[in-house]
Amino acid sequence: MTGILPNKPRIEDDRTGIDIDTLKRAFLDNLFYIQAKFPKVSTKNDYYMALAYTVRDRLLNRWLHTNQTYLERAPRIVAYLSAEFLMGPHLGNNLIDLGLYEPVKQAIAELGLDLNELLEQEEEPGLGNGGLGRLAACYIDSLATLEIPSVAYGIRYEYGIFDQEIKDGWQVEVTDRWLRYGNPWEVVRPESELMVKFGGHTETFIDEYGVYRVQWVPYKVVKGVPYDTPILGFKTNTANTLRLWKAEAPESFDFAVFNQGDYFGAVHQKSESENITKVLYPNDETYQGKQLRLEQQYFFVSCSLQDMIRLAKMQGVALERFHEHFAIQLNDTHPTIAIAELMRLLLDEHGFDWDRAWDITTKTFAYTNHTLLPEALERWSVAMLGGLLPRHLELIYEINSRFLDEVRIKFFEDPDRIARMSIIDESGERYVRMAHLACVGSYAINGVAELHSRLLKQTVLHDFYEMYPEKFVNVTNGVTPRRFIALSNPRLTSLITSKIGDGWLKNLGELRKLESLVDDAGFRNDFYQVKQAVKQDLADYVRANHGVEINPESIYDIQAKRIHEYKRQHLNALYIITLYNRLKANPSLDIAPRTFLFGGKAAPGYYMAKLIVKLINSIADVTNSDPDVGDRIKVVFLTDYNVKFAQRVYPAANLSEQISTAGKEASGTGNMKFSMNGALTIGTLDGANVEIREAVGAENFFLFGMTAEEVLAKKAEGYNPWDYYHGNDELKGVLDRIASGFFSHGDTELFKPLLDSLLYQDIFMVLADYQSYVECQERVDGAFRDRDNWTRMSILNAARMGHFSSDRSIRDYLSQIWKAPAVKIDVPEYSQSNG
Ligand code: Z57
């Protein structure tokens, strides 16, 4: 549809201009013409929306030119498939990326408003649970910043991760209605809808060339509608796309035909279709096996692959060369059904033969593993998968049978290995092991930190490593410094920039230039003052939202992450009780005052995690009001930890708690965000902690606990937590204190499940690491009293974290896995050429 229309519309200056007066005029214009409000009757949200549209207008040039360039030049594209994108608020980030933060702040101030208050209005898209979803968000930020042609595909959940409330110390979940006031950052593309089939059966037939073919006769068809959000690069013209799919009922599937006069049946079928993208499953690291979840996965995967094939065709790229055109990254096994789906599309819909289709498929996909925890590994019952995706089950069987033939040839006379490696688990009820399918169907398999990648090869994927050693690589996770330093910590950002210029935000290695300043007493003082100011901000927030007074002079000791037994929030809690018991025994004990802050959500069905939340709140009730404790210990459970709130938390920390059982945390990424903002870490040799410690220097890191090898050895020799309980009076005193009902108004039953789990199983070896942790915390206490030396260590942490930028991670993916070159985007000056 080009015809005689000019390719470029006339763009009003008010939609592109960035001088203060134009920004003010544009803001008022959007308030009037989009929000339909005068300032007199406007709410804060109206102002937020007017500003969001003002910023959106200013990024559209970049976005449309990027899309047009990709369409014309058909470059190699990285497609990042993820069931979760935990984006956090867009407005502030887009202002930073466009370089508009300061002028917009001024324009808004001149209108008598406060930019921070408007930023606070944005309801964040919480379309993820935790680390995995947030990693995807950091990666698409870096892909755009590095000018890599890419597209991110996912699900537009109507309800993201639940909002957390705390009632009587317990977590209560509230629906996240993030779309309630509209979403100014997305553009719906109804003209690009696609159809996805479910259920039914397959039929065979001989086609016009006499070739044996299969066709899938579905039970139902669901429509996928794409919603696009621009993802800006930092100070580049590149604006890539996050394309999220919403499920709807297809009106073309005429209900009247199928449900003669059955109005209610038709409406029911409509709501059933829309159910697919209704809500994000709120479990992090536990697999549930729910059919709706498989429907979500297949739905977004099928839409995305069809979309890529459509684009390739539009660009005249032959499907034989699909793998040259796209590198598809599978973010965990959640999108792994894509391997069977691409086979189906190539075989059944595009007439390829098996060998060619398999060759293309296995040159297209790469798989990232994010966990070794057995409870997180996805396995779909054969009955369920076959009921929902009958053709895919046939294809998976065929893939498996060919794969097992190869295993037999490579490792002849090892039948155990066949059973262990089979994509189908046949030890009881039959299951499809998605990680095995991912390994067989991908050309690269990566873990997310060096230790994790090594353990993957040694344990969970050992057989696959022996089969395909060349597929295995490591890519250590990283985080975006744009959101987690520039946007979160403007004070630190100005201080750094005043010393080393502003190149570091694109090239985080430049932070190393701060190292030499560590001997400059003036700089140390400035750095200290920044930390104190940010701590004061958090104190104000905590007073306003929790009614608790916390002391900015105290150690801000923070553990912020999903609540999970392997992350051991309860080990932290045991230390708080240890200190409490010591203070009760010796009220004049001299300790560095500490504020223990916790933030994080528990999966709604994870009983033990919810009990840990209750325990922390119960301890807080006691310690925060006991006059013997005074100001020396404060405990606060920060409600509803999310990306928006995390941005307040990371900059304010002195001490970052990274205390998972060694070998259990694949990488961790919060550990990086804290350290970049000058927190010291207390941590085990787990995940990326190992590499962080190497980078910042062992003398600037508080290490404790068993190593992953020691954990495995202890487990093998038969771990008995009772030995630790009976062998350590202080530990016994802590556990007995909980058991006595001291923190539960005399109720000795409340925390019994938690105590029993520690004393009778303790699979995460909390008791075994307790003493080492307590001693390490004593070193922290001592170190904090030397304020100037603490500041030195803090500076060195920030200065040496350059390696953990997600830009470095993406460069690693590019050189080892994707091999997709950057493409520069030209954006002609609209206001001039249209003048
Ligand atoms: C999730 O957030 C992670 C792994 C999973 O298997 C699932 Br499901 C959710 C996390 C890991 O626990 C972190 O250690 C890691 O840093 C993060 O994924 C990103 O790789």
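The rules we used
- Residues numbered from 1 in each chain as written.
- Predicted model: local features only at pLDDT ≥ 70, side-chain atom pairs only at ≥ 80, totals over all residues.
- Heavy atoms only, no water.
- Buried < 20%, exposed > 50% of the residue type's maximum accessible area, 1.4 Å probe, protein only.
- Helix = DSSP H or I, 4+ residues; strand = E, 2+ residues; numbered from the N terminus.
- Pairing = 2+ DSSP bridges.
- Polar contact = N/O pair within 3.5 Å; in protein donor to acceptor, adjacent residues only side chain to side chain.
- Contact = heavy atoms within 4.5 Å.
- 1 Å grid on protein atoms, 1.4 Å probe; cavity = no way out; pocket = protein on both sides within 12 Å on 5 of 7 lines; lining within 4 Å.
- Points joined across faces, edges and corners; volume = space filled by probe spheres on them.
- Nonpolar A, V, L, I, M, F, W, Y, C, P; charged D, E, K, R; others polar.
- Domains from an automatic or database assignment.
- Buried area = accessible area lost by both parts, 1.4 Å probe.
- Axes fitted to C-alpha atoms, helices over the stretch in contact; angles between N-to-C directions.
- Near = heavy atom within 4 Å.
- Arc of directions from axis to C-beta.
- Core = buried A, V, L, I, M, F, W, Y, C linked by side-chain atoms within 4.5 Å.
- Salt bridge = Lys/Arg side-chain N within 4 Å of Asp/Glu carboxyl O.

Looking now at the pairing of strand 8 (residues 194-198). With burial as the criterion, only one face of strand 8 is covered, namely that bearing L194, V196 and F198; the residues M195 and K197 on the opposite face remain uncovered. Summarising the sheet, strand 8 and strand 11 (residues 220-232) pair through five bridges and their orientation is antiparallel. Its bridge partner being in strand 11, F198 is matched across the sheet by K220.

Turning to the environment of H745, a few remarks are in order. Counting through the fold element by element, H745 comes out in the loop between helix 29 (729-739) and helix 30 (752-760). We classify H745 as exposed; its relative accessible area is 83%. Measuring from C-alpha to C-alpha, the distance between H745 and R632 comes to 23 Å, with 113 residues separating the pair along the chain.

Among the structural elements, S142 can be located in helix 6 (residues 131-145). By relative accessible area, S142 is classed as buried at 0%. Among the polar contacts listed, one links the side chain of S142 to the side chain of D807, at a separation of 2.6 Å. Ignoring sequence-local partners within four residues, the contact set of S142 consists of R482, S806, D807 and I810.

Another point: empty space enclosed by the protein. Evaluation of the coordinates by the stated rule reveals nine cavities of 30 Å³ or more. The computed volume of the second largest cavity comes to approximately 130 Å³. As for the second largest cavity, its lining consists of 13 residues, and the residues nearest its centre are M87, N93, D141, I231 and R483. Mapped onto the lining of the second largest cavity, the elements with two or more residues apiece are helix 3 (91-98), helix 6 and strand 11. Per element, the largest residue contribution to the lining of the second largest cavity is four residues, and it comes from helix 6. Classifying every residue of the lining of the second largest cavity by side-chain character gives six nonpolar, three polar and four charged.

Okay, the domain arrangement of the protein next. Its domain assignment divides the protein into domain 1 (74-89 + 124-476) and domain 2 (486-705 + 765-802). The centre of domain 1, based on its C-alpha atoms, is set 36 Å off from the matching centre of domain 2. Between domain 1 and domain 2, the contact holds 40 residues from the first and 38 residues from the second. Summed over both sides, the interface between domain 1 and domain 2 buries roughly 3,000 Å², with carbon and sulfur atoms accounting for 58% of that surface.

What follows concerns the sheet that holds strand 15 (residues 379-381). The strand order 15-17-16 describes an open sheet built from three strands, whose pairing is antiparallel. The two strands at the open ends of the sheet, each matched to only one other strand, are strand 15 and strand 16 (424-425). Note that strand 15 and strand 17 (residues 431-433) share three bridges and pair antiparallel. Its bridge partner lying in strand 17, R379 is registered against R433. Most of the contacts of helix 16 (residues 434-441) go to strand 17, to which it runs at about 45 degrees, and overall it touches strand 15 and strand 17.

Around the ligand, a shell composed of 16 residues is seen, among which E285, H370, N477, E665 and G668 lie nearest. Taking D284, its side chain carries an N or O atom lying 3.1 Å from an oxygen atom of the ligand. Taken together, the residues that form the shell around the ligand break down as five nonpolar, seven polar and four charged. Of the domains in this structure, domain 1 (74-89 + 124-476) and domain 2 (486-705 + 765-802) are the two that each give at least three residues to the shell around the ligand.

This part covers helix 4 (residues 101-110). Among all positions in helix 4, only Y101, V104, A107 and I108 are buried. All buried residues of helix 4 lie within an arc of 135 degrees about the axis, which places them on one face of the element. Just beyond helix 4, the residue with positive phi is G112, at close to 80 degrees.

A few words now on the nonpolar core. In terms of nonpolar packing, the biggest core is built from 185 residues, with L81, F299, I328, F702 and W818 touching the most fellow members. If you count residues domain by domain, this core takes at least three from each of domain 1 (74-89 + 124-476) and domain 2 (486-705 + 765-802). Ignoring anything within four residues of it in the chain, the contact list for F299 reads V196, F198, V222, K223, G224, W245, K246, A247, I276 and T277.

Roughly 1,100 Å³ of internal volume is contained in the second largest pocket. The set of elements that each furnish at least two residues to the lining of the second largest pocket consists of helix 3, helix 4, helix 5 (115-121), helix 19 (481-487), helix 20 (490-500), helix 21 (521-546) and helix 24 (643-649). Sorting elements by how many residues they give to the lining of the second largest pocket places helix 20 first, with five residues. Built from parts of two domains, the lining of the second largest pocket gets at least three residues from each of domain 1 (74-89 + 124-476) and domain 2 (486-705 + 765-802).

To continue, consider the pattern of salt bridges. Tallying each qualifying case throughout the model produces 67 salt bridges. A salt bridge links E147 to K824, with the nearest nitrogen and oxygen atoms 2.5 Å apart. Here E147, found in the loop between helix 6 and strand 4 (150-155), pairs with K824, found in the loop between helix 33 (806-818) and helix 34 (830-833); they are 677 residues apart in sequence, far enough to count as distant. For E147, a relative accessible area of 12% corresponds to the buried category. The residue D414 makes a salt bridge to R417 at a minimum N-O spacing of 3.0 Å. Residue D414 is classed as partly exposed on the basis of its relative accessible area, which comes to 25%. Ionic contacts of the salt-bridge type, sharing partners, join the residues R189, D228, R243, D307 and R310 into one network.

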